[in-house]
Every structure is written in structure tokens, then in C-alpha cells.
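Examining the three-dimensional arrangement
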Amino acid sequence: MKIVHIVGARPNFMKIAPVIHAFERTGEVEQVLVHTGQHYDEELSKYFFEDLGLPRPDVDLGVGSGSHAVQTGRVMIALESVLVRERPDWVFTVGDVNSTVAAALVAAKLGIRVAHVEAGLRSGDWTMPEEINRVVTDRLSDALFTTESSADENLAREGVPAERVHFVGNVMIDTLERHRDRAAEQKVAERMGLEPGRYLLVTLHRPSNVDESERLTALLMALGDVAAGTGHDVLLPLHPRTAARVKELRLEHLLKPLTILPPLRYLDFLGLMQDAAGVITDSGGIQEETTVLGVPCITVRPNTERPVTLTHGTNRLYDGDPHGLLDVVREALLSERSQLRPPLWDGHAAERIARITLGLGRRGDSAPE
Ligand code: UD1
């Protein structure tokens, strides 16, 4: 069996790593790794490959940044000739970024079967580019690997035949389980002069939070209030999108009460997350990682496509007036830590994916409809 894996942006790398390793262990699969180049900075790309033990990409499409249409279109054009040449039995695409949907479109039109890892998640929020990417990718996929029961329900509601949907658990948690001890051993917080349990870790990069001046200003001011009100260090590794907006809008003075860091490597971020008093984020994956680590998480969004992190985890949504953030943080820090873990988030999701895919067979074994 031959599989082409497509990755492009930071959150893809943690998801594909265990899948590649699981197929490798079967000894039955020829694998080709394609990096679209959507993320190209070393902090967002190269170091992740090193930290996660990923092989170097066999193909780098080098598409870089651009508007949504430009970025998606460039991936499609560059990927088509690769897939024509490789003729794989399956294309594996992960998550919900522009590279994910571009890969699904190209493969489906070439009649190559598409497997989507992390299928079925829905925020119901069509202003999120990721929601469009999720829905389109799922519609084009032949094997849909899901992380939580809400995803299975969403897909059933959308009419996806049940035999295509496979509830396997969460590959992002496979990666976390594999690396958490190594991350802890690095004692990142101590090396940074931080007291474990006495700092908050923040990530902000969603267009809805950082693109508009008023919203970004209010959020940065609110983080300043959180630093003053809790007495905790507030660490903010700055995503390039957020860094660019801060500079453009001349908001640098609002960063003064915060500890600003460059985007962190996987192991450093995981190490800091483990020892944090709490996390404030608008990321998808971090809601899941904090759930397993038992670290309180405040998601600065009106909705989540990952509701299991609310019912079985440490996550709470906050989309009110940013000035109310301090109260929500205080409440989260005092809350009792959930001991629950979502079903099948056990570190073995990728093995299930490999087993199921081998069972589904090669091109022509069971042709897609
Ligand atoms: C993308 C994903 C988002 C994911 C995030 C993780 C889409 C629609 N969005 O958002 O779901 O949560 O990755 O980081 O696919 N840039 C750099 N260096 C890079 C890459 C980007 O400086 O290596 C800057 C560029 O100015 C670029 C901007 O970041 O224009 C945004 O990059 P892009 O890939 O379009 O989206 P992200 O915001 O990173």
C-alpha cells in the first residue's frame, strides 16, 4: 500500500507524526510525506519536525503565505503533479488548515481515496476559515477518523455514510503521551526563572481575535489586568500573524506587563503547559492538550468544535467583554481539576488508524462511490 501524507501548518505536524510512525511499524506501507510550505518559519515548521522525530519531507511545495484563495490554489496546483506521479492508494490529510482542504480537493478529483484525520468537528461558525475547510474536506473523504462522539453525530447529521466514519481517538494526544516525560525533564519553566504553578500561558492568533484593532487592543489590555490582578507572570509566545498586527497597530506598549516570547518549539511549549497555573488560548489543539494535562483552560472564543473538552475536560469558553477576563481566570484557577479523560484519548489512536486503513485496502479493493 502506498500513502501520501500532506502537512502544511504547525498543528498538522503533531497530528501526522504518530500516524506515520504507526504505519511504519506495520512494515506494509510505502509512505511519502509532502510539506506544502504553508508554514515555513523555523519556529513554526523545522523545529517541529526535529522535536517530533518526523522524517524530512520527501516533497516541499514551498507555497508560503497568501490570501486564502492564493494559498489554497497554490497548494492544489503544486500537489496535482505530485499525486499524478506517485499514484498513491490513499492521501492522508489532517486537521482543518488551508493545506488540508486543498489536498482533499486535488486527491478527490484524481480519484484517489482521501483519509481525513480529525474529521467531523464543527463549531457551527462559518466566519472561521477552518469551519469551511472541515466541512469541505469531510464531504470529499472516503475514510473519516474522528476524535470524539460529537464528530460522529455531526457527520451522521450531514448524511455521511456510517461505514466511512471511524471513531479512533485523538492523534494529538498520542503525540502528547509520547513526549510528556521528555518535555517535563527539560524543566523549561525553571530554566526561564519561572515558578511552576505561578504563571499563565497565553496563545492568540485567530483572525477574529487579532485582526481587528479594537478587539486586539481590548484583549491585550485584559491580559495586562490578569497579570496585575493574579500576580502571575503572563507568558505570550507571539504567533507571526499576531506579531505583525501588534506592530502595524502600534500596540507594543500593551505588551509591557506581559512576558513576550517567540513561537516555541513543541517540547518547550508542552513543558510550559504542564507546569502552568492555567492557559488562555484561542487554539483548537491546546483545548485538547490541557484537558489531558488537567490544566485549566480558558478559550477566548464564542464556540468550540471540540465540546468534549467542556464536558470531560478543563476547558471553559469566554467571549464576553475582555475586561471580564480577570474574573474568569480567577474562577478557573480556583476550580477543581477534572479527573475525566475523553474516551479513546489513550495514546493509541494512530495504531487504530493504521489497522483500519490496512483493512480498507488498496486502490481498487473497494472503489470509492
Ligand atoms: C494557520 C491555520 C490555523 C492554525 C494556524 C496555526 C488556516 C486557514 N489557518 O493560521 O487554522 O491554527 O495556522 O499556526 O490554514 N507567517 C509567517 N511565517 C510562517 C507562516 C505564516 O510569518 O511560517 C505569517 C504570514 O504573515 C502569514 C500569516 O502568518 O500571512 C498567517 O499565516 P497562514 O498560514 O495564512 O495562517 P495562520 O494564521 O498561521
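In this text the structure is predicted, and so the values were computed from the model without any measurement.

Helix α4 (residues 98–109) packs onto helix α3 (residues 68–86) with a crossing angle of 45° between their chain directions and a minimal axis gap of 8 Å. Of the possible angle classes, the one that applies to α3 and α4 is oblique. In terms of crossing hand, the pair formed by α3 and α4 is right-handed. The segment α3 lies against α4, with His68, Gln71, Thr72, Val75, Met76, Leu79, Glu80 and Leu83 engaging Asn98, Ser99, Val101, Ala102, Ala103, Leu105, Val106 and Ala107.

A few words on the site of the ligand. Contacts to the ligand come from 19 residues, most closely from His39, Tyr40, Asp41, Glu130 and Arg241. Interatomic distance of 2.7 Å between a side-chain N/O atom of His39 and an oxygen atom of the ligand. Within the contact set of the ligand, an oxygen atom lies 2.8 Å away from a backbone nitrogen or oxygen of Asn98. For the ligand, whose accessible area on its own is 740 Å², the fraction buried by protein is 85%. Listing elements by their share of the shell around the ligand, those giving two or more residues are α1 (10–26), α3 and α11 (240–248). Looking at the shell around the ligand, its residues break down into six nonpolar, eight polar and five charged.

All chains considered together, the criterion is met by 28 salt bridges. The residue Arg122 makes a salt bridge to Glu158 at a minimum N-O spacing of 2.7 Å. Of this pair, Arg122 sits in the loop between β5 (113–119) and α5 (129–140) while Glu158 sits in the loop between α6 (149–157) and β7 (165–167), and the two are 36 residues apart along the sequence. Owing to a relative accessible area of 40%, Glu158 belongs among the partly exposed residues under this scheme.

This next bit is on the packing of aromatic side chains. For the structure shown, the criterion picks out four aromatic pairs. Relative to Phe92, the ring of Phe23 lies with its centre 5.5 Å away and its plane at 85°, an arrangement referred to as edge-to-face. In this pair, Phe23 is assigned in helix α1 and Phe92 in strand β4 (residues 90–94), connecting sequence segments 69 residues apart. Of the two residues, Phe23 and Phe92, both sit in the buried class. Ring pairing ties together the aromatic residues Phe13, Phe48 and Phe49, which thus form one cluster.

Glancing now at the pairing of strand β11 (residues 278–281). Both faces of the sheet carry side chains from a regular strand, because those side chains alternate between them. Burial along β11 is two-sided: Gly278 and Ile280 facing one way and Val279 and Thr281 facing the other are all buried. Both strand β8 (residues 199–203) and β11 contribute to a ladder of four bridges, which runs parallel. The partner of Leu201 across the bridge, within β11, is Val279. For the crossover that starts at β11, traverses helix α13 (residues 285–293) and ends in the parallel strand β12 (residues 297–299), the hand is right-handed.

Here we come to the sheet that holds strand β10 (residues 259–261). Overall, parallel pairing links the six strands, which are arranged β10-β9-β8-β11-β12-β13 in an open sheet. Every other strand in the sheet has two partners, leaving β10 and β13 (315–317) as the edge strands with one partner each. For this sheet, the mean angle separating the axes of adjacent strands, direction not counted, is 20°.

The next point concerns the domain arrangement of the chain. Structurally, the chain comprises domain 1 (2–169 + 345–360) and domain 2 (179–334). Taking only C-alpha atoms into account, the centre of domain 1 sits 27 Å from that of domain 2. At the junction of the two partners, domain 1 supplies 23 residues and domain 2 supplies 21 residues. Counting each side, the surface lost to burial between domain 1 and domain 2 is near 2,000 Å², with a carbon and sulfur contribution of 57%. Among the residues of domain 1 in contact with domain 2, Asp51, Glu148 and Trp345 are the three that bury the most area, contributing 30% of the side total. Here domain 1 is connected to domain 2 by five salt bridges. Between Arg134 and Glu305 there is a salt bridge, with the nearest N and O atoms lying 3.5 Å from each other. Among the elements of the structure, α1, α2 (46–52) and α5 are those that each provide at least two residues to the side of domain 1 that touches domain 2. Its residues assigned to classes, the side of domain 1 that touches domain 2 shows eight nonpolar, three polar and 12 charged.

What counts and what doesn't
- The residue count restarts for each chain, going from 1 along the sequence in the order it is written.
- Given that the model is predicted, a residue must reach a pLDDT of at least 70 before its local features are reported, and side-chain atom pairs must reach 80 or more before they are shown or counted; all residues, however, enter totals for whole chains, interfaces and linings.
- The side-chain values count all of the structure's non-hydrogen atoms but skip hydrogen atoms and water molecules.
- Orientation is described by axes fitted as lines to C-alpha atoms, over the contacting stretch for helices, and by angles from 0 to 180 degrees between their N-to-C directions.
- Starting at the N terminus, helices and strands are each numbered in turn, a helix being any DSSP run of H or I of at least four residues and a strand any DSSP run of E of at least two.
- Angles below 35 degrees are treated as roughly parallel, those above 145 as roughly antiparallel, those between 65 and 115 as roughly perpendicular, and all remaining angles as oblique.
- Take the far helix as your reference; a near helix turned counterclockwise from it by less than a right angle gives a left-handed crossing, and one turned clockwise gives a right-handed crossing.
- Pairs of residues are marked as contacts when any of their non-hydrogen atoms sit within 4.5 Å.
- If even one non-hydrogen atom of a residue comes within 4 Å of a molecule or strand, that residue is called near it.
- By the criterion applied in these results, polar contacts are pairs of N or O atoms within 3.5 Å in which, for protein atoms, one can donate a hydrogen and the other can accept it, and in which residues neighboring in sequence qualify only through two side-chain atoms.
- Reported accessibility uses the Shrake-Rupley method at a 1.4 Å probe radius. Residues are deemed covered only where the shown protein chains occlude them.
- Classification used: nonpolar for Ala, Val, Leu, Ile, Met, Phe, Trp, Tyr, Cys and Pro, charged for Asp, Glu, Lys and Arg, polar for all others including Gly.
- One speaks of a salt bridge when a side-chain nitrogen belonging to Lys or Arg is within 4 Å of a carboxyl oxygen belonging to Asp or Glu.
- Three labels apply to residues, based on accessible area from a 1.4 Å probe with only protein chains included: buried if under 20% of the type maximum, exposed if over 50%, partly exposed otherwise in between.
- Pairing of aromatic side chains here covers Phe, Tyr and the six-membered ring of Trp, requires ring centres within 6.5 Å, and sorts the geometry by plane angle: under 30 degrees stacked, over 60 edge-to-face, intermediate tilted.
- Think of it this way: DSSP has to see at least two bridges between two strands before they count as a pair.
- For crossovers, right-handed means that the path from the first strand over the helix to the second runs clockwise, given strands pointing away from the viewer.
- Domain boundaries shown here were taken from an automatic or database domain assignment.
- Buried area is understood as the total, over both parts, of accessible area removed when two parts are fitted together, assessed with a 1.4 Å probe.

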